[in-house]
Structures are given as structure tokens and as C-alpha cells.
Amino acid sequence: MCDEKQEQRINLKFLVKLKKTPIECYKLLQEAYGDNSLSCARVFEWCKRFSEGRESTEDDQRPGRPVTVSTPETVTKINQIVRADRRKSIRMISEAVNADKETVRKILHEELHMKKVCAKLVPKNLTPDQKLLRQQVCSDFLERLEEDSGLMKNIITCDET
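As annotated in an unreviewed UniProt entry, the protein is Protein GVQW3-like from Sipha flava.

Student: How do you make sense of the layout of surface pockets when you look at a structure like this?
Tutor: Any empty space left between the atoms is revealed when a probe the size of a water molecule rolls over them. Empty space within the second largest pocket amounts to approximately 300 Å³. Lining the second largest pocket we find 14 residues, and of these Arg9, Trp46, Asp59, Asp60 and Arg62 sit closest to its centre. When contributions to the lining of the second largest pocket are tallied by element, the ones reaching two or more residues are α1 (2-17) and α3 (40-51). For the lining of the second largest pocket, a count of residues per class yields three nonpolar, two polar and nine charged.

Student: I tried to follow the packing of helix α4 (residues 72-84) against helix α6 (residues 101-111) on my own but got confused; where do I start?
Tutor: To describe two helices that pack against each other, one gives the angle between their axes and the distance between the axes. It is at 10 Å that the axes of α4 and α6 come closest, and there the two elements cross at 80°. As far as their axial angle goes, α6 and α4 are roughly perpendicular. Contacts between α4 and α6 involve Thr74, Val75, Ile78 and Val82 from the first element and Val104, Ile107, Leu108 and Glu111 from the second. Its residues placed into classes, the contact of α4 with α6 shows six nonpolar, one polar and one charged.

Student: What is the right way to read the side chain of Arg9 from this model?
Tutor: Assignment of secondary structure puts Arg9 in helix α1. The class for Arg9 is buried, based on a relative accessible area of 8%. Ignoring sequence-local partners within four residues, the contact set of Arg9 consists of Leu38, Trp46, Phe50, Thr57, Glu58 and Asp59.

Student: For this particular structure, what's the right way to read the packing of helix α5 (residues 90-97) against α6?
Tutor: Interaxial distance between α5 and α6 falls to 9 Å at its minimum, and their mutual angle equals 105°. Comparing the axis directions of α5 and α6 gives the class roughly perpendicular. Two secondary-structure elements touch here, α5 through Ile90, Arg91, Ile93, Ser94 and Val97 and α6 through Lys101, Val104, Arg105 and Leu108. For the contact of α5 with α6, the class distribution of residues is five nonpolar, one polar and three charged.

Student: Just checking my understanding: could you explain a negative patch on the surface for this structure?
Tutor: Together, Asp140, Glu143, Glu146, Glu147 and Asp148 give the surface a local cluster of negative charge. By the element assignment, Glu143 lies in helix α7 (residues 128-147).

Reading the values: the criteria
- Residues numbered from 1 in each chain as written.
- Predicted model: local features only at pLDDT ≥ 70, side-chain atom pairs only at ≥ 80, totals over all residues.
- Heavy atoms only, no water.
- 1 Å grid on protein atoms, 1.4 Å probe; cavity = no way out; pocket = protein on both sides within 12 Å on 5 of 7 lines; lining within 4 Å.
- Points joined across faces, edges and corners; volume = space filled by probe spheres on them.
- Helix = DSSP H or I, 4+ residues; strand = E, 2+ residues; numbered from the N terminus.
- Nonpolar A, V, L, I, M, F, W, Y, C, P; charged D, E, K, R; others polar.
- Axes fitted to C-alpha atoms, helices over the stretch in contact; angles between N-to-C directions.
- Parallel < 35°, antiparallel > 145°, perpendicular 65-115°, else oblique.
- Contact = heavy atoms within 4.5 Å.
- Buried < 20%, exposed > 50% of the residue type's maximum accessible area, 1.4 Å probe, protein only.
- Patch = residues over 30% accessible without salt bridge, like charges linked within 9 Å, V, L, I, M, F, W, Y side chains within 5 Å.
- Areas by Shrake-Rupley, 256 points an atom, 1.4 Å probe, with all protein chains shown as cover.
- Salt bridge = Lys/Arg side-chain N within 4 Å of Asp/Glu carboxyl O.
- Lys, Arg positive; Asp, Glu negative; His and termini not counted.
- Charge placed at Lys NZ, Arg CZ, Asp CG, Glu CD.

Below, the structure written as C-alpha cells:
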């Protein structure tokens, strides 16, 4: 398929040098190649390129996707960035090392064994029903304490690990 496209572009370049219009070029390609000919839009595009002085019939290089390969240099660079500022997001790190976000995430999680932990404490707003329930639980607890004074020894007030 690529060879046929290349051949059509070469023929198109020849027709443009003969001062044919894009419509005439399209009709001639349709006649020669039938259903496998370039679309009308592509013919107009390539006619414009050739009339502007383009000589090559090859496709232009496209930028493509970011690099997804994790190299030891990339891993060390990501490690240095994270150690310098732990608040950087994966997006910011990926832009700094010019790598795909998914690659940076995999390096952080699988190779460096790191995970994102939110360090902010957000106050919790209770609904009136929740406030009432907490008040009832506390009053019940106080009543049980008055009945059994040894109950306080069985309560764990914090995590002892």
C-alpha cells in the first residue's frame, strides 16, 4: 500500500510540473488507480506542496508519543527530583524528564517503591444527625463508667504500634 501511495505521489509531482490543476490530477489518478487512488483532499494537499517547491515524495516525520522506556538514568533523575521536592505531581515530573506520565508512575511505584500520600488534614463537618449520635454515644459511655469504674482500664485510646 505504501509503495502505491509513493508511486501516486511521484505521478502527482509529474502532473504538477506539467501545470495540471488539482482536479485534473485527481481525475487522472482515479482513472489510473481506480478505488486505490489518493483521496481528493490528499491530492489537493500534495499538489499544493509540490507547487510550493517540495521535491520529496516521502511522508514528513511526526513527533509521535513520548518515550516510554525506563532507563537507569531516567530512574535516577526521577528519584533526584522527588527527593528534592516531594510535592511535585507525576505530570510535573514527566515534563521535567520528558517522559510519558504512565512511565513515570510505574517508575515511582514499581522501581522506587513510592506512593502519593496526602499530607493535608481536612476538617470534617458533621451533620446534625451525626452530632446527635455522637452525643448519645458519649452520654451512654459516661453512664457505664459510673456503674463500672474498672471499665476505663479496658479502653485503648491510641494506636500503640
